[in-house]
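Understanding the architecture of this molecule
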Amino acid sequence: MIQIYGMDTCPDCTYLYDQIKGKENEFEYINIGAHVKNLKAFLKIRDNSPAFDEAKEKGYAGIPCFVKEDGTVTIVPEEVGLKSRPEEVTTGAACRLDGTGC
């Protein structure tokens, strides 16, 4: 089962959440905003995985994050068979502190 770490207030995460509905045997969605233990689990992954190097360099949170069954970590939806949010859907979405997008 692939674990997905995300938040309900993240447009990229909600776009993916819609794709995994009905696929509970393939994906486990872990809302890092629902409980501090979920946030701590995500931060442990983020702090120790090179998959986040570019995200941290650019000041991104790094969600959604995917942990494959073999323990491999990625922040690229296509690497787990899902689709990234299309550019036209990102217009107006702002998750970054500077308000420039997600």
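Notes on the structure follow. (Residues numbered from 1 in each chain as written. Predicted model: local features only at pLDDT ≥ 70, side-chain atom pairs only at ≥ 80, totals over all residues. Heavy atoms only, no water.)

1. A look at the overall build of the chain
- Check the secondary structure of the chain and you find 4 helices and 4 strands.
- Its helices and strands taken in sequence order, the chain reads β-α-β-α-α-β-β-α from the N to the C terminus.
- Taken over 102 residues, the chain has a buried fraction of 33%.
- A separation threshold of at least 6 residues defines the contact pool for the chain, and within that pool the share at least 24 residues apart is 51%.
- Carbon and sulfur atoms provide 50% of the accessible area of the chain, an area that totals close to 6400 Å². (Helix = DSSP H or I, 4+ residues; strand = E, 2+ residues; numbered from the N terminus. Buried < 20%, exposed > 50% of the residue type's maximum accessible area, 1.4 Å probe, protein only. Contact = heavy atoms within 4.5 Å. Areas by Shrake-Rupley, 256 points an atom, 1.4 Å probe, with all protein chains shown as cover.)

2. Focus: the state of the cysteines
- In this structure the tally under the stated criterion is 0 disulfides.
- Left unpaired, C13 is separated from the closest cysteine sulfur, that of C10, by 3.2 Å.
- Judged by relative accessible area, which is 1%, C13 ranks as buried. (Disulfide = S-S within 2.5 Å.)

3. Some points on the pattern of salt bridges
- Throughout the structure, instances matching the rule amount to 3 salt bridges.
- Note that D12 is salt-bridged to R85, the shortest N-O span being 2.6 Å. Taken together, the residues span a long stretch of sequence, with D12 in helix 1 (residues 11–20) and R85 in the loop between strand 4 (73–74) and helix 4 (87–90) at a distance of 73 residues.
- Exposure remark for D12: the relative accessible area of 21% places this residue in the partly exposed category. (Salt bridge = Lys/Arg side-chain N within 4 Å of Asp/Glu carboxyl O.)

4. Description of the nonpolar core
- Judged by nonpolar contacts, the single largest core of 21 residues is most densely connected at Y5, C65 and L82.
- Not counting chain neighbours up to four residues away, the residues in contact with L82 comprise I4, L16, Q19, I20, F27, F66 and P77. (Core = buried A, V, L, I, M, F, W, Y, C linked by side-chain atoms within 4.5 Å.)

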